[in-house]
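Coordinates in review
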Amino acid sequence: MKINKDLLSAFLVVLLVSAFAYTVVKESSDRELMEIRKIQENQRVEKYQSELRENAANQKRDSFKNILQQQNIGIGILSDNFKNINNSILNMRTEYDKNFNELKSTQNESDHINSASVNEQFDFISKYKYKEYSGGTNP
């Protein structure tokens, strides 16, 4: 069998070109694969950092929420205290007005007794004693 040199040369050229193309394609795909792996690693790092930032933000939110709840409780207590103080002041004012009216009434009675005649004074004292001992009004 006779081997044709031209055919053998063409086969060797095709074989060399195929080997070169395979090497170029393999290097190119290896580079692309490395780039994809770098991108994926960067994405993992960014995702991890994003989760850390999100956790930190959630912790701050929870901290602020707890502080606001404590402040609301404190404000509620202060509000109750102010209501109690206000009620106490109103009760004191009512007692003051009542005592003032009683004092004024007593002073008016005293002035009336002092300016009245002896018979009127005696009559008033009799009525007062009757009220004091009987708990009722003078008939």
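Here, the structure is the one placed above.
1. A few points about the overall build of the protein
Each helix and strand in the protein was counted, giving two helices and zero strands. The buried share among the 139 residues of the protein stands at 1%. Summing over all exposed atoms, the protein offers an accessible surface of approximately 13200 Å²; the carbon and sulfur share of this is 59%.

2. Describing the pattern of salt bridges
Enumeration according to the criterion identifies four salt bridges in this entry. Asp-62 is the salt-bridge partner of Arg-61, the closest N and O atoms lying 3.0 Å from each other. According to the relative accessible area criterion, Asp-62 is partly exposed, its value standing at 35%. The shortest N-O distance in the salt bridge between Arg-93 and Asp-97 comes to 3.3 Å. Residue Arg-93 and its partner Asp-97 are both found in helix H1 (residues 5-115); the two are separated by four residues, about one turn of the helix.

3. Points about the packing of aromatic side chains
Enumeration over the complete set of coordinates arrives at one aromatic pair. Judged by centre distance (6.2 Å) and plane angle (20°), the ring pair of Tyr-96 and Phe-100 falls under stacked. Residue Tyr-96 and its partner Phe-100 are located together in helix H1, separated by four residues, close to a single helical turn. The exposure class assigned to Phe-100 is partly exposed, which follows from its relative accessible area of 42%.

Rules behind the numbers
Residues numbered from 1 in each chain as written. Predicted model: local features only at pLDDT ≥ 70, side-chain atom pairs only at ≥ 80, totals over all residues. Heavy atoms only, no water. Helix = DSSP H or I, 4+ residues; strand = E, 2+ residues; numbered from the N terminus. Buried < 20%, exposed > 50% of the residue type's maximum accessible area, 1.4 Å probe, protein only. Areas by Shrake-Rupley, 256 points an atom, 1.4 Å probe, with all protein chains shown as cover. Salt bridge = Lys/Arg side-chain N within 4 Å of Asp/Glu carboxyl O. Phe/Tyr/Trp six-rings, centres within 6.5 Å; stacked < 30°, edge-to-face > 60°.

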